[in-house]
Amino acid sequence: MGSYLIKRVASLIPILFGISVLVFTILHLVPGDPASIMLGTNATPEAIAALHKSMGLDQPLITQYFHWIGGMLQGNFGVSVHSGEEILPQIIKRFLITLQLTVFGVLIGWALAIPFGILSAIRAHSKTDIIVRVATLLGISVPNFAIGTLLLLGLSLYFNWFPPIDVVSFWENPVEAFKVFILPAVTMGIVVAAGVMRMTRSAFLETMDKDFIRTARAKGNSQWTIVIGHAFRNSSIPIVTIAGMQIGYLLGGSVIVEQLFSIPGLGQYILEGIYQRDYPVVQGGVLFVALVFVLVNLLIDLIYTWIDPRIKY
């Protein structure tokens, strides 16, 4: 396990290097000059040239890249060219907000997906199964911005209730934090639930057809003893896989949900950077998201060995 961990951590280096090159290249290929955008249409060529020099944009691209990546390796994400703020503290602050939203959304999603996915599998082709499958299909098919908009409209029109705009940390004020995050979390949870529920049903259907399940039934075990004691662990790996991928994506910033509910999370921060052509914000934010994603996947790989000790790395 120790050697596997070392190999996986070492493999992060070329992955993150490739992502950094890709992000840097794409951003600099996008048409438009950030200095001209910042200074406006009345800017003089001298003012634009001065801003280019102060931002380092007058240097060759390769020089700009190594200057940027060198700073990143030393923990210096640079400053926003738009606001002048340090980027790393902003990324961490925004990420903690996205983390709270993700935890709420994932808990809601799993609370719906796993029980109903199991119920659908053990009552396959029944009315319950059909209802669960239709609900799953709706959850997958309907975009999350549509779900969020409908929730907002329904609660505001029929109950005259709007979620608070000011974000509060769960550790400072759990009640206010619950009010802020519950609606976007439900929006995200419905999408999470649809994917996990579908995978749970599929995994349990396959497991419940195994010989060891028939043996457990032959010994007179009850249905729920078989499900919880025998089938659950053997069905967990594909469920954990899709759940881990969803967590990685959500932690990367649920841009649409954050925009819809005015949540100042990491996704919104990166999106604002794109709008403002703020290179350091976008480059630093995307690289941070990539790091989070690969670390979540590494954690998922380690969970595999806990679920099934036969898996060796």
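Conventions adopted
- Residues numbered from 1 in each chain as written.
- Predicted model: local features only at pLDDT ≥ 70, side-chain atom pairs only at ≥ 80, totals over all residues.
- Heavy atoms only, no water.
- UniProt positions renumbered as here; feature names shortened; annotations may be inferred.
- Helix = DSSP H or I, 4+ residues; strand = E, 2+ residues; numbered from the N terminus.
- Buried < 20%, exposed > 50% of the residue type's maximum accessible area, 1.4 Å probe, protein only.
- Contact = heavy atoms within 4.5 Å.
- Axes fitted to C-alpha atoms, helices over the stretch in contact; angles between N-to-C directions.
- Parallel < 35°, antiparallel > 145°, perpendicular 65-115°, else oblique.
- Left-handed = near helix turned anticlockwise from the far one by under 90°.
- Nonpolar A, V, L, I, M, F, W, Y, C, P; charged D, E, K, R; others polar.

> Quick question: what am I supposed to make of the UniProt feature "transmembrane region" (unreviewed entry) in the chain here?
When the UniProt feature table is mapped onto this chain numbering, "transmembrane region" (unreviewed entry) sits at residues 12-30, 95-122, 134-161, 181-200, 239-261 and 281-307. Overall, residues 181-200 shows 100% helix and 0% strand. The separation of its end C-alpha atoms is 26 Å. Secondary structure over residues 281-307 splits into 100% helix and 0% strand, and the C-alpha atoms at its two ends are 39 Å apart.

> Would you mind going over helix α12 (residues 266-275) with me for this structure?
In an α-helix, one full turn covers 3.6 residues, which means residues spaced three or four apart are oriented alike. With respect to burial, α12 is a largely interior element, seven of its ten residues being buried. Residues of α12 that are buried include every one of Leu266, Gly267, Gln268, Tyr269, Ile270, Leu271 and Gly273, and no others. Buried residues belonging to α12 abut α5 (87-122), α10 (223-251), α11 (255-260) and α13 (279-307).

> Before we go on, may I ask you to explain unusual backbone geometry in this structure?
Excluding glycine, residues mostly carry a negative phi; peptide bonds, for their part, are mostly trans. A positive phi is found at His125, a non-glycine position, where the angle reads about 70°. For His125, the location among the structural elements is in the loop between α5 and α6 (127-141). On the accessibility criterion, His125 (67% relative accessible area) is exposed. Residue Ser262 is not a glycine yet carries a positive backbone phi of 55°. Secondary-structure assignment places Ser262 in the loop between α11 and α12.

> Is there a simple way to think about the packing of α10 against α13 in this case?
Two quantities define a packed helix pair, namely the angle between the axes and the distance from one axis to the other. Where α10 contacts α13, the axes come no closer than 9 Å and their chain directions differ by 165°. When the interaxial angle is binned, α10 and α13 end up roughly antiparallel. Between α10 and α13 lies a crossing of right-handed hand. Together, Arg233, Ser236, Ile237, Val240, Thr241, Gly244, Met245, Ile247, Gly248, Tyr249 and Leu251 of α10 and Val292, Phe293, Val296, Ile300, Ile303, Tyr304, Trp306 and Ile307 of α13 make up the contact between the two elements. In the contact of α10 with α13, the residues fall into 14 nonpolar, four polar and one charged.

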